[in-house]
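# Observations on chain architecture
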Amino acid sequence: MIFASARLAFADIFSAPFRGALWKALGLTAVVLVALWFGIAAIAEWIAVPFLSNLFPDVPAWVDQAGTLAGWAAGFALAILLAFLIGPISAVIASLFLDDVAEVVEANTYPEVAAGTAMPFVPGLILSVKFFGVVILGNLLALVLLLVPGINIAAFFVVNGYLLGREYFEFAAMRYRTEAEAKALRGRYGTTVFLAGLLIAGFLAVPLLNIFTPLFAAALMVHLHQRVSRKEGGLIAAPAGPDRLARG
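Residues numbered from 1 in each chain as written. Predicted model: local features only at pLDDT ≥ 70, side-chain atom pairs only at ≥ 80, totals over all residues. Heavy atoms only, no water.

## With respect to the overall build of the protein chain
Tallying secondary structure elements over the protein chain gives 10 helices and zero strands in all. For the protein chain, the α and β elements follow one another from N to C terminus as α-α-α-α-α-α-α-α-α-α. The burial tally for the protein chain puts 42% of its 248 residues in the buried class. A separation of at least 24 residues holds for 82% of the contacts in the protein chain among residues at least 6 apart in sequence. (Helix = DSSP H or I, 4+ residues; strand = E, 2+ residues; numbered from the N terminus. Buried < 20%, exposed > 50% of the residue type's maximum accessible area, 1.4 Å probe, protein only. Contact = heavy atoms within 4.5 Å.)

Now the structure itself:
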């Protein structure tokens, strides 16, 4: 079930209907990362170094000229940090477009099932922010554990596998269920969702390919939710008529 869903999801991300969501998500992610990079560099150059110079007036005069170097050093350090946080950052940004992705997968692969319902913007944004906080804490923990030999790589996969698996499965499920129902369904299939999350974490760990992570994760969990729902008795059947087919 997991590998069949992953195979379908991998094919989906390179299909034409996904390209619009991909470019929008990549564009906003790039804007956020660049803004953070320049923001931290500016803080170090214009605020941190002058503050330290005033706090310690007896330091050599060349310290005042070190602002640019300190700014770029801070930016480089941020870039390293963001390498570990690119998953949650891209996930939160891409969440603005994932309903478009889910709609395409549902219509093209599961036309016999009624279309899911997108979550209203404000509740969806609140859930994304809450999840973002949890993921940030989890990845900071994974970043600390990278310093511990023997468990560093495992920490990356376990933390991201659990958190990304949970986020994307509940997203797919909440197109058809309440939040409580989605969480309960995830609880009943916790091992399956976690293993699928490990595939997402593996996807995230591959350079260049990882830019497709949000699309792959969303498509994977839509497929997985549909298959899990069949075991639970199925979802509401699609109404007869041309409207559903027109969305394919």
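## A few points about helix H8 (residues 190-204)
Across its 15 residues, H8 extends 21 Å between first and last C-alpha, which sits within 8% of the 21 Å expected from 1.5 Å per residue. Turning to H8, its buried residues number three or more, namely Thr 192, Val 193, Ala 196, Gly 197, Ile 200, Ala 201, Phe 203 and Leu 204. (Expected span 1.5 Å × (residues − 1).)

## Details of the confidence of the model for the protein chain
Of all residues in the protein chain, 65% attain a pLDDT of 70 or more, and the chain-wide mean is 77. Here helix H10 (residues 242-246) is the element of the protein chain with the lowest mean pLDDT, 44, and helix H7 (residues 179-188) is the one with the highest, 93. Counting interchain partners and residues more than four positions distant, the pLDDT-below-50 stretch residues 242-248 has 14 contacts. (pLDDT = per-residue confidence, 0-100.)

## Side note on the packing of aromatic side chains
Tallied over the full model, the rule gives two aromatic pairs. Judged by centre distance (6.3 Å) and plane angle (75°), the rings of Phe 10 and Phe 203 are edge-to-face. Of this pair, Phe 10 sits in helix H1 (residues 2-13) while Phe 203 sits in helix H8; the two residues are 193 residues apart in sequence, bridging distant segments of the chain. Residue classification places Phe 203 among the buried positions, given a relative accessible area of 8%. With a centroid separation of 4.2 Å and an interplanar angle of 5°, the aromatic rings of Phe 203 and Phe 216 are classed as stacked. You can see Phe 203 sitting in helix H8 and its partner Phe 216 sitting in helix H9 (residues 213-231), a full 13 residues away along the chain. When sorted by exposure, Phe 203 lands in the same class as Phe 216, which is buried. (Phe/Tyr/Trp six-rings, centres within 6.5 Å; stacked < 30°, edge-to-face > 60°.)

## Some points on the side chain of Gln 226
Looking at where Gln 226 falls in the secondary structure, it is placed in helix H9. Of the residues examined, Gln 226 reaches a relative accessible area of 3% and is grouped as buried. Excluding residues that lie within four positions of it along the chain, Gln 226 makes contacts with Glu 106, Tyr 110, Val 113, Tyr 176 and Leu 235.

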